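Inside the fold
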Amino acid sequence: MAKVIFASDKITIETKDDSDVCFVADKAKASLPFDCYEGVCETCRVLVDEGGENLSEVNEQEKYTLGEEKIAQGFRLGCQIKIKSGYVILRNGWD
Ligand code: FES
């Protein structure tokens, strides 16, 4: 089991390993917004507080949409990431 903590909402939810974060956010009723689900609009931007190593690797779409600087600062796209195992702490990237 993996654990996702949505810090902006103070919500913790357990989920299966390799779960899509967008589905976990929906299940948890987190306030993280989504629009395109294709990694294009950046609406779902999240900031990783802890546990980034437990997420899927940064993909080409995230590199294109976010750019290297934001990725280096810890931003990811919620619609593009999976929680592999362990835990991650995410907050809304627009707060
Ligand atoms: S919902 Fe558009 S980039 Fe994630």
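To be clear, the structure that these remarks concern was listed above.
Residues numbered from 1 in each chain as written. Predicted model: local features only at pLDDT ≥ 70, side-chain atom pairs only at ≥ 80, totals over all residues. Heavy atoms only, no water.

**A look at the pattern of salt bridges**
Under the definition given, this model contains 6 salt bridges. The salt bridge involving R45 is made with E42; its shortest N-O contact spans 2.9 Å. The residues R45 and E42 share a single accessibility class, namely buried. Salt-bridge contacts for E62 lead to R76; the nearest nitrogen and oxygen are separated by 2.8 Å. (Salt bridge = Lys/Arg side-chain N within 4 Å of Asp/Glu carboxyl O. Buried < 20%, exposed > 50% of the residue type's maximum accessible area, 1.4 Å probe, protein only.)

**Regarding the sheet that holds strand β4 (residues 45–50)**
Read across the open sheet, the 5 strands follow the order β2-β1-β7-β4-β5; overall the sheet is mixed. The sheet is open, and its two edges are formed by β2 (11–15) and β5 (75–77), each paired on a single side. Across the sheet, the mean angle from the axis of one strand to that of its neighbour is 35 degrees, orientation sign disregarded. With 5 bridges connecting them, strand β1 (residues 2–6) and β2 associate as antiparallel partners. (Pairing = 2+ DSSP bridges. Helix = DSSP H or I, 4+ residues; strand = E, 2+ residues; numbered from the N terminus. Axes fitted to C-alpha atoms, helices over the stretch in contact; angles between N-to-C directions.)

The analysis is restricted to geometry; functional conclusions fall outside its scope.
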